[in-house]
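Here is what each chain is made of, one letter per residue.
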Amino acid sequence: MLLMLGGPQAARAQDYANGQPMLPPRPIPGIALPEPDSSRPTSPDTATIAPAPNTPMAHSALPLVPFNSARDALRAWMRDSSAGDQVGAVRALEYAASQGHLTAQYKLGRMYAGGEGVPTNDLKAFEYFSKIADENADAIPGTADGRMVGSAFVALGSYFIDGIKGSYVKPNPDRAFDMFNYAASYFGDPDGQYNLARLYMKGQGTARDPRQAARWMKLAAEKGHAPARAAFGEMLLRGGEGVPRQPVLGLMWLALARESADPAREAWILERNDAAFASASPADRTAALALVERQQVATGASPSRGAGRP
């Protein structure tokens, strides 16, 4: 099934694919940046509101031990982490991040977002991800740096969906669309593609467009993204709104989603797979499982763990 992009938002998403450089989103609020491209409209939400995390003390009250270089600090981070010295490890990462080291900035963003070794602080995480996105938007897709930058854009999109309580980061669906769209289109990030599809499904930050939603969901599903596989499978099972009903393919994607899902965190995928197979005809179940086996052979995936069997 071929689902084509369409509309003004989609034209932006296709710039890179058509051989034209895609403009990154407008600068992220809260970070000191150069003036945005004059060809794009500005609004109050793009104003610089807080300083960038560009000094050694910007994100930590810990006194930073001087290192010879960011590389030296990263070696200290690995050594202290292995020794269980979390304070020393964070101090070393903070120093490397202050020197512009992308990996250190990304690691700290993840640590503050998830409370890994530090108290959870979404604003600090947001500012690290903002700095990464603002300074590395032209990173080469498919590289290690590109994957980190794409993931940072996705994290920013998630923060713009809900905002950060008690901070200057307010819910902003339009900015969330910008973040997910750039991660999905330029970096080909499957999380970005999945979240962009969800915005199109809901009409959040953009006009509701089920065909666009299916198109992006399919791209993420083809990269092994379990929630996207499940969502795309359900789209094909239902059909309608410009998406043709293809129950066998829908069951196949749900079964593949079940295979790649984390049962502890994504139990809903297993439940939807089981419900769909329970209500399907025997012929459709058999055909779908044959497609799953063919897919596993083609990709060298491990044998089925019971996909499609409620």
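Remember, it's a predicted structure, so these values are computed and weren't measured experimentally.

## Describing the side chain of Gln193
Then step 1. Turning to its location among the elements, Gln193 is positioned in helix H8 (residues 190–202).
Then step 2. Among the residues examined, Gln193 registers a relative accessible area of 3% and is labelled buried.
Then step 3. Non-local contacts of Gln193, meaning those with residues more than four positions away in its chain, are made with Ala184, Gly188, Trp216, Leu219, Ala220 and Lys223.

## Topic: the nonpolar core
Then step 1. By size, the foremost hydrophobic cluster in this structure holds 80 residues, and its most contacted members are Phe129, Phe153, Met217 and Phe232.
Then step 2. Of all the elements, helix H6 (residues 144–162) adds the most residues to this core, at 9 residues.

## Comments concerning the pattern of salt bridges
Then step 1. Across all of its chains, the model carries 9 salt bridges by this definition.
Then step 2. The partner of Arg175 in a salt bridge is Asp178, with the nearest N and O atoms 3.3 Å apart. Taken as a pair, Arg175 and Asp178 lie in helix H7 (residues 173–185) at a separation of 3 residues, close to a single helical turn. Comparing Arg175 with Asp178, the two get one shared label, buried.
Then step 3. A salt bridge links Glu222 to Lys218; its shortest N-O distance comes to 2.6 Å.

## Section: the packing of helix H5 (residues 122–136) against H6
Then step 1. Their axes nearest at 9 Å, the elements H5 and H6 cross at an angle of 130°. Classified by the angle their axes make, H5 and H6 are oblique. Remark: the crossing between H5 and H6 carries left-handed chirality. Where H5 abuts H6, its residues Asp122, Ala125, Phe126, Phe129, Ser130, Ile132, Ala133 and Asn136 lie against Val149, Ala152, Phe153, Ala155, Leu156, Tyr159 and Phe160.
Then step 2. When the residues that make up the contact of H5 with H6 are grouped by side-chain class, the tally is 12 nonpolar, 2 polar and 1 charged.

## Side note on the confidence of the model for the protein
Then step 1. Of the residues in the protein, 76% reach a pLDDT of 70 or more, and the chain-wide mean stands at 82.
Then step 2. Taken together, the stretch residues 1–19 has pLDDT below 50 and engages in 40 contacts with residues farther than four places along the chain or on a different chain.
Then step 3. Confidence drops under a pLDDT of 50 for residues 29–61, and excluding neighbours within four residues, the segment shows 70 contacts in the predicted structure.

## What about the packing of aromatic side chains?
Then step 1. In total, this model carries 13 aromatic pairs according to the counting rule given.
Then step 2. Seen in terms of ring centroids, Tyr182 and Tyr186 are 5.2 Å apart; in terms of plane orientation they differ by 10°. Their pairing is stacked. A single burial state applies to Tyr182 and to Tyr186, both of which are buried.
Then step 3. Judged by centre distance (5.8 Å) and plane angle (85°), the ring pair of Tyr182 and Phe187 falls under edge-to-face. Considered together, Tyr182 and Phe187 belong to a single accessibility category, that of buried residues.
Then step 4. In this structure an aromatic cluster arises from ring pairing among Phe126, Tyr159, Phe160 and Tyr168.

Analysis parameters
- Residues numbered from 1 in each chain as written.
- Predicted model: local features only at pLDDT ≥ 70, side-chain atom pairs only at ≥ 80, totals over all residues.
- Heavy atoms only, no water.
- Helix = DSSP H or I, 4+ residues; strand = E, 2+ residues; numbered from the N terminus.
- Buried < 20%, exposed > 50% of the residue type's maximum accessible area, 1.4 Å probe, protein only.
- Contact = heavy atoms within 4.5 Å.
- Core = buried A, V, L, I, M, F, W, Y, C linked by side-chain atoms within 4.5 Å.
- Salt bridge = Lys/Arg side-chain N within 4 Å of Asp/Glu carboxyl O.
- Axes fitted to C-alpha atoms, helices over the stretch in contact; angles between N-to-C directions.
- Parallel < 35°, antiparallel > 145°, perpendicular 65-115°, else oblique.
- Left-handed = near helix turned anticlockwise from the far one by under 90°.
- Nonpolar A, V, L, I, M, F, W, Y, C, P; charged D, E, K, R; others polar.
- pLDDT = per-residue confidence, 0-100.
- Phe/Tyr/Trp six-rings, centres within 6.5 Å; stacked < 30°, edge-to-face > 60°.

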